[in-house]
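Residue-level structural notes
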Amino acid sequence: MTGSEREALLESLMIDEPELTFTPCGNPDPRLLRLVEFLARQAARECYAEEVKMTRRRGKRTS
């Protein structure tokens, strides 16, 4: 996690702000969107790292 990502996550969790709200239609809370974006990036990195690891394992078997 980079420093800027950590800061963004901390900002989205600020307690002195009003409670996060979710509206299925309309204008969702921007802090909720930032949190979802952060979690999606983290999941993508983890998935990519696992794919790279699996590819390297397959490469070692064929040599």
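Scroll up for the structure.
These numbers were taken from a predicted model, which means no experiment stands behind them. (Residues numbered from 1 in each chain as written. Predicted model: local features only at pLDDT ≥ 70, side-chain atom pairs only at ≥ 80, totals over all residues. Heavy atoms only, no water.)

Quick word on the overall build of the chain
Scanning the chain from terminus to terminus reveals two helices and zero strands. For the chain, the residues scored as buried account for 10% of the 63 residues in total. For the chain, the exposed surface amounts to about 5500 Å²; the carbon and sulfur share of it is 60%. (Helix = DSSP H or I, 4+ residues; strand = E, 2+ residues; numbered from the N terminus. Buried < 20%, exposed > 50% of the residue type's maximum accessible area, 1.4 Å probe, protein only. Areas by Shrake-Rupley, 256 points an atom, 1.4 Å probe, with all protein chains shown as cover.)

Focus: the pattern of salt bridges
On inspection of all chains with the given rule, the structure shows four salt bridges. A salt bridge links Arg45 to Glu5; its shortest N-O distance comes to 2.4 Å. Here Arg45 is found in helix α2 (residues 30-62), whereas its partner Glu5 is found in helix α1 (residues 3-12), with 40 residues between them in sequence. Here Glu50 and Lys53 are joined by a salt bridge, their closest N and O atoms 3.7 Å apart. Here Glu50 and its partner Lys53 are both found in helix α2, three residues apart, which amounts to about one turn of the helix. (Salt bridge = Lys/Arg side-chain N within 4 Å of Asp/Glu carboxyl O.)

Quick look at a positive patch on the surface
A grouping of Arg56, Arg57, Arg58, Lys60 and Arg61 is seen on the molecular surface, where their side chains present a positively charged patch. Looking at where Lys60 falls in the secondary structure, it is placed in helix α2. Residue Lys60 is classed as exposed on the basis of its relative accessible area of 67%. (Patch = residues over 30% accessible without salt bridge, like charges linked within 9 Å, V, L, I, M, F, W, Y side chains within 5 Å. Lys, Arg positive; Asp, Glu negative; His and termini not counted. Charge placed at Lys NZ, Arg CZ, Asp CG, Glu CD.)

Topic: α1
Those residues of α1 that sit buried are Glu5, Leu9 and Ser12. Buried residues of α1 fall within an arc of 65° about the axis and therefore sit on the same side. (Arc of directions from axis to C-beta.)

Here we look at the side chain of Glu5
Its relative accessible area of 9% is what places Glu5 among the buried residues. At 3.2 Å, the side chain of Glu5 and the backbone nitrogen of Thr2 are in polar contact. Reaching out from Glu5, the side chain makes a polar contact with the side chain of Arg41 at a distance of 3.4 Å. Those residues in contact with Glu5 that lie beyond four places of it in its chain are Phe38, Arg41 and Arg45. (Polar contact = N/O pair within 3.5 Å; in protein donor to acceptor, adjacent residues only side chain to side chain. Contact = heavy atoms within 4.5 Å.)

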